[in-house]
Amino acid sequence: MYVAVKGGERAIENAHAWLAEERRGDTDIAELSIAQIRAQLSLAVNRVMAEGSLYDPDLAALAIKQARGDLIEAIFLIRAYRTTLPRFGASEPVDTGAMACDRRISATFKDLPGGQVLGPTFDYTHRLLDFKLAADGEVADAPSRDAETGNVPHVTEFLNREGLIEEAPHDDTPPPDLTREPLEMPADRALRLQALTRADEGFTLGLAYSTQRGYGRNHAFVGELRIGSVPVEMDIPELGFAVEIGEVILTECETVNQFTGSKTEPPQFTRGYGLVFGQTERKAISMALVDRALRWEELGEDNVGAPAQDAEFVLYHADNIQATGFLEHIKLPHYVDFQSELELVRKLRREAGAQQVQEAAE
Amino acid sequence: MTEYNFAYLDEQTKRMIRRAILKGLAIPGYQVPFASREMPMPYGWGTGGVQVSAAVLTPKDTFKVIDQGADDTTNAVSIRTFFQRTAGVATTTATSDATVIQTRHRIPEEPLHEGQILVYQVPIPEPLRFLEPRESETRKMHSLEEYGLMHVKLYEDISRHGHIATSYAYPVKVEGRYVMDPSPIPKFDNPKLGDMAAIQLFGAGREQRIYALPPYTQVVSLDFEDHPFEASKADHPCGMCGATDSYLDELIIDDLGGRMFVCSDTDYCEARQAAGHKGKDAA
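Residues numbered from 1 in each chain as written. Chains lettered and ligands numbered in written order. Predicted model: local features only at pLDDT ≥ 70, side-chain atom pairs only at ≥ 80, totals over all residues.

Draft legend 1. Structural view of the overall build of chain A. Secondary structure assignment for chain A yields 13 helices and four strands. Relative to its length of 362 residues, chain A is extended, with a C-alpha radius of gyration of 26 Å against a globular reference of 21 Å. C-alpha atoms of chain A, sized along the principal axes, occupy 85 × 65 × 55 Å. Counting the 362 residues in chain A, one finds 31% classified as buried. Put simply, 65% of the contacts in chain A that link residues at least 6 apart link residues at least 24 apart. (Helix = DSSP H or I, 4+ residues; strand = E, 2+ residues; numbered from the N terminus. Rg over C-alpha atoms; globule rule 2.2 N^0.38 Å. Buried ≥ 20, exposed ≤ 12 C-beta atoms within 10 Å, placed from the backbone. Contact = placed C-beta atoms within 7 Å.)

Structure (structure tokens):
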């Protein structure tokens with residue numbers, strides 16, 4: 001016999017208790033600390049900070065622990081927490097030219113002021129599982145030397161002196177704020193970049209890759225990729241000047257793209273730009289490629305109908321918190337909608353059946 | 001959860017949402033963009049409704065949450081608990097006792113009265129979305145009152161199937177102006193939208209839209225003179241309370257595919273059973 005379902009509340013509580021137990025896992029194994037996650041899973045921490053739009057490695061590590069390593073779930077925790085934070089103001093724009101670079105490479109010039117600095121990269125590692133790590137992860141100190149001092153000029157500045165690359169006009173208009181205003185189309189470049197920097201890494205990578213394979217091709221050279229820390233300054237009205245309030249690690253990618261000219265623009269190199277929290281270079285390069293693809297209109301290029309050129313398509317689908325929420329909501333009950341569809345299909349089938357019988361009789 | 005503000009959102013955010021609600025009430029059926037916040041539940045799980053509820057709730061309110069008509073479905077339980085924790089408001093399952101009712105996919109069977117607010121969770125607020133995927137285009141179509149595409153779609157349904165093949169989220173026209181998505185309620189509920197005594201507010205969190213129907217608004221389900229709109233439901237009485245006028249869920253009750261039909265509105269069904277009504281499957 002049917003009994004109306006009761007006790008949803010208890011079922012939910014029990015599910016949460018089970019989840020907590022599963023998160024902790026086998027209690028014979030030492031518990032993971034926030035400090036361990038922060039120090040040893042730092043690239044995961046970086047991704048959570050970047051897509052969570054909140055620069056706080058400890059909170060990101062906590063979110064990863066709570067989310068059992070599901071990074072999108074961790075990003076979600078950070079985003080929800082971020083909603084509750086008061087907004088004191090905005091920082092001055094950070095100066096990436098003054099970055100203390102851990103890594104700085106250019107794919108367009110063999111050597112250049114500031115030099116090529118490989119930094120801590122996977123790039124030339126052979127991807128062989130290191131079984132030694134399974135037993136003992138201790139390593140000897142890496143060789144070190146004093147850091148270079150002074151500004152590291154941007155590669156694109158050299159090209160700009162010759163007028164070979166499009167100008168990036170100086171613009172002091174306050175950028176729109178994606179987290180305080182609804183995203184509306186058309187979106188200017190500042191808003192697009194804001195959406196891309198917190199966009200899902202996988203989605204951005206896929207779109208960027210599609211431009212390389214010909215869906216809106218805009219052959220990109222990595223003019224420069226730099227990773228390092230920059231000071232963050234904030235104007236304090238009571239003091240009347242800006243003071244340094246901290247440092248953030250950023251990854252910046254500037255691409256130099258082929259461009260043979262259009263109806264409105266002369267032949268010159270064009271720019272794509274990526275700037276992301278933390279050491280997140282796959283994301284920063286992807287962002288730069290997608291940024292460049294989205295700029296077709298202002299450069300007078302043709303819209304070839306490629307997904308990466310379509311700002312509405314890209315921006316409305318790039319946020320993994322929106323996407324995962326809506327996707328997973330189809331797990332929720334849909335008894336009512338399904339029931340109405342059942343009735344409709346039954347009715348249509350009944351009528352189609354009756355028609356066939358009639359046709360057979362005729 | 002004392003560290004959070006009343007009803008979770010800070011006052012400035014609530015103010016922003018209230019402004020969108022007021023604008024929506026002033027232009028019934030018009031989708032007002034609003035800066036939806038990331039809530040501690042996923043997008044697609046009622047964040048629009050939750051933000052609207054958070055903006056309208058006062059400490060004196062009595063709150064009811066239904067999902068698919070039921071107070072006891074998991075997500076309804078979760079949202080109700082959220083506001084118990086963050087707003088400390090009284091909650092109820094009785095439709096008539098509630099001052100604010102948040103709903104997903106149903107309008108309660110019992111007619112609502114003045115002073116009540118019905119808050120809908122909306123997944124896709126744009127009724128033209130599946131005809132035109134671009135927001136920039138659909139906004140233009142609304143501003144020009146260009147609804148031909150929708151009528152062509154309904155006409156094509158009739159010519160192909162003999163009926164309009166939309167059974168839920170059935171589009172309506174509000175006060176002769178905006179075509180509006182009533183959220184995925186079954187079309188059985190559509191006639192209740194118009195001339196309702198309560199305020200109806202629609203919140204779409206992920207899509208960042210709020211729209212509204214003030215009390216006693218004219219709401220007409222789209223149709224054709226020779227194919228008038230028809231509210232439909234399963235052609236059975238409720239197995240538990242015997243009601244013939246309520247929307248029914250179909251349940252499979254044994255391995256042989258035996259079925260029974262029960263009110264989707266659990267409060268309505270329980271109240272009728274308490275009043276002595278009995279369906280054929282009741283114990």
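Draft legend 2. The arrangement of the interface of chain B and chain A in detail. Tallying the contact residues gives 50 residues for chain B and 41 residues for chain A. Looking at the side of chain B that touches chain A, the elements that each hand over two or more residues are helix 3 (74-87), helix 4 (135-143), strand 11 (248-252) and strand 12 (259-263) of chain B. No other element matches helix 3 of chain B, which puts four residues into the side of chain B that touches chain A. Here the side of chain B that touches chain A is built from residues that sort into 20 nonpolar, 18 polar and 12 charged. (Nonpolar A, V, L, I, M, F, W, Y, C, P; charged D, E, K, R; others polar.)

Draft legend 3. Summary view of helix 3 (residues 42-52) of chain A. Residue and element names in this part refer to chain A. Along helix 3, eight of the 11 residues are buried, which leaves the element largely enclosed by surrounding structure. What helix 3 keeps buried is the set V45, N46, R47, V48, M49, A50, E51 and G52. One or two residues past the end of helix 3 sits S53, with phi positive at roughly 55 degrees.

Draft legend 4. Inspection of the packing of helix 5 (residues 71-83) of chain A against helix 12 (residues 320-328) of chain A at higher detail. Residues and elements named next belong to chain A. As a packed pair, helix 5 and helix 12 sit with axes 10 Å apart at the nearest point and diverge in direction by 110 degrees. Here helix 5 lies roughly perpendicular to helix 12, going by the angle between them. As helix 5 packs across helix 12, the resulting crossing turns out to be left-handed. Together, I72, I75, F76 and R79 of helix 5 and N320, I321 and T324 of helix 12 make up the contact between the two elements. (Axes fitted to C-alpha atoms, helices over the stretch in contact; angles between N-to-C directions. Parallel < 35°, antiparallel > 145°, perpendicular 65-115°, else oblique. Left-handed = near helix turned anticlockwise from the far one by under 90°.)

Draft legend 5. Just the packing of helix 3 of chain A against helix 4 (residues 57-66) of chain A, in detail. Residue and element names in this part refer to chain A. The contact between helix 3 and helix 4 brings their axes to 9 Å, and the two run at 105 degrees. One element, helix 3, and the other, helix 4, form an angle in the roughly perpendicular class. Packed against helix 3, whose contacting residues are A44, V45, V48, M49 and G52, the element helix 4 presents P57, A60, A61, A63 and I64 at the interface. The class makeup of the residues in the contact of helix 3 with helix 4 is nine nonpolar, one polar and no charged.

Draft legend 6. Highlighting the sheet that holds strand 2 (residues 220-236) of chain A. Residues and elements named next belong to chain A. With respect to topology, four strands assemble into an open sheet ordered 1-2-3-4, the strand pairing being antiparallel. Edge positions in the open sheet fall to strand 1 (100-105) and strand 4 (270-277), since each of these has one partner strand only. Strand after strand, the sheet turns through a mean of 25 degrees between neighbouring axes, direction not considered. In terms of strand pairing, strand 1 meets strand 2 through five bridges, oriented antiparallel. Within the sheet, the bridge partner assigned to R103 lies in strand 2 and is I227. The sheet contacts of helix 10 (residues 281-294) involve strand 2, strand 3 (241-257) and strand 4, and relative to strand 4 the element is tilted by about 145 degrees. (Pairing = 2+ DSSP bridges.)

Draft legend 7. Looking closely at the sheet that holds strand 9 (residues 209-213) of chain B. Residue and element names in this part refer to chain B. With mixed pairing, seven strands are arranged side by side in an open sheet as 1-9-8-5-4-2-3. Looking at strand neighbours, the two that pair on one side only are strand 1 (32-33) and strand 3 (90-91), the edges of this open sheet. Two strands pair when backbone bridges link them, and strand 8 (residues 199-204) and strand 9 are joined in this way by five bridges, in the antiparallel orientation. Along strand 9, the bridge assignment pairs G203 with I210. Helix 1 (residues 11-26) contacts strand 1, strand 8 and strand 9 of the sheet and is inclined by roughly 45 degrees relative to strand 9. Along the sheet, helix 2 (residues 47-56) makes contact with strand 4 (100-104), strand 5 (117-121), strand 8 and strand 9, crossing strand 5 at roughly 155 degrees.

Draft legend 8. Layout of the environment of A:G223. Residue and element names in this part refer to chain A. Mapped onto the secondary structure, G223 falls in strand 2. Along the backbone, G223 and P307 are 84 residues apart, and their C-alpha atoms lie at a distance of 24 Å. In this structure G223 touches S106, T108, V155, T156, E254, T255 and V256, once residues within four positions along its chain are discounted.

Draft legend 9. Local environment of helix 7 (residues 266-274) of chain B. All names here are of chain B. Buried residues of helix 7: T266, D267, Y268, C269 and R272, and no others. Where helix 7 is buried, its residues meet strand 12. In the segment just after helix 7, G276 is the residue with positive phi, at about 100 degrees.

Draft legend 10. Representation of the pairing of strand 11 of chain B. All names here are of chain B. Two elements, strand 11 and strand 12, share five bridges in a ladder whose sense is antiparallel. Paired with I252 across the two strands is R259, which belongs to strand 12. With antiparallel pairing between neighbouring strands as the criterion, strand 11 and strand 12 make up a hairpin whose turn holds six residues, including G257 at a positive phi of roughly 80 degrees.

Draft legend 11. Representation of unusual backbone geometry within the structure. For the bond from A:M185 to A:P186, the omega torsion is -5 degrees, close enough to zero to count as cis. Relative to the helices and strands, A:P186 resides in the loop between helix 7 (155-161) and helix 8 (189-197). Backbone geometry at B:Q68 places phi at a positive 60 degrees, although glycine is not the residue there. Structurally, B:Q68 is set in the loop between strand 2 (62-67) and helix 3. A tally of 24 C-beta atoms within 10 Å means that B:Q68 is categorised as buried. Its identity as a non-glycine residue notwithstanding, B:Q208 has a phi of 60 degrees, on the positive side. Looking at the element boundaries, B:Q208 is found in the loop between strand 8 and strand 9. The exposure class assigned to B:Q208 is buried, which follows from the 22 C-beta atoms found within 10 Å.

Draft legend 12. Representation of the pairing of strand 2 of chain B in the model. Residue and element names in this part refer to chain B. The buried fraction of strand 2 is high, at five of six residues. Here two bridges tie strand 2 to strand 3, and the two strands are oriented parallel to one another. The partner of T62 across the bridge, within strand 3, is A90. Read from strand 2 through helix 3 to strand 3, the crossover connection turns out right-handed. (Right-handed = clockwise from strand over helix to strand, strands pointing away.)

Draft legend 13. Expanded view of the nonpolar core. Counting 105 residues, the largest nonpolar core has A:V48, A:A60 and A:V290 as its most contacted members. When residues of this core are assigned to their parent elements, the largest contribution, eight residues, is made by helix 10 of chain A. If we ignore the near neighbours within four places in the chain, the residues touching A:A60 are A:V45, A:V48, A:M49, A:G52, A:A74 and A:I78. Counting residues in each nonpolar core, the second largest holds 13 residues, with B:C238, B:L248, B:C263 and B:C269 among its members. (Core = buried A, V, L, I, M, F, W, Y, C linked by C-beta atoms within 7 Å.)

Draft legend 14. Spatial organisation of the environment of A:Q194. Relative to the elements of secondary structure, A:Q194 occurs in helix 8. Along the chain, A:Q194 and A:P176 lie 18 residues apart, while their C-alpha atoms are 8.9 Å from each other.

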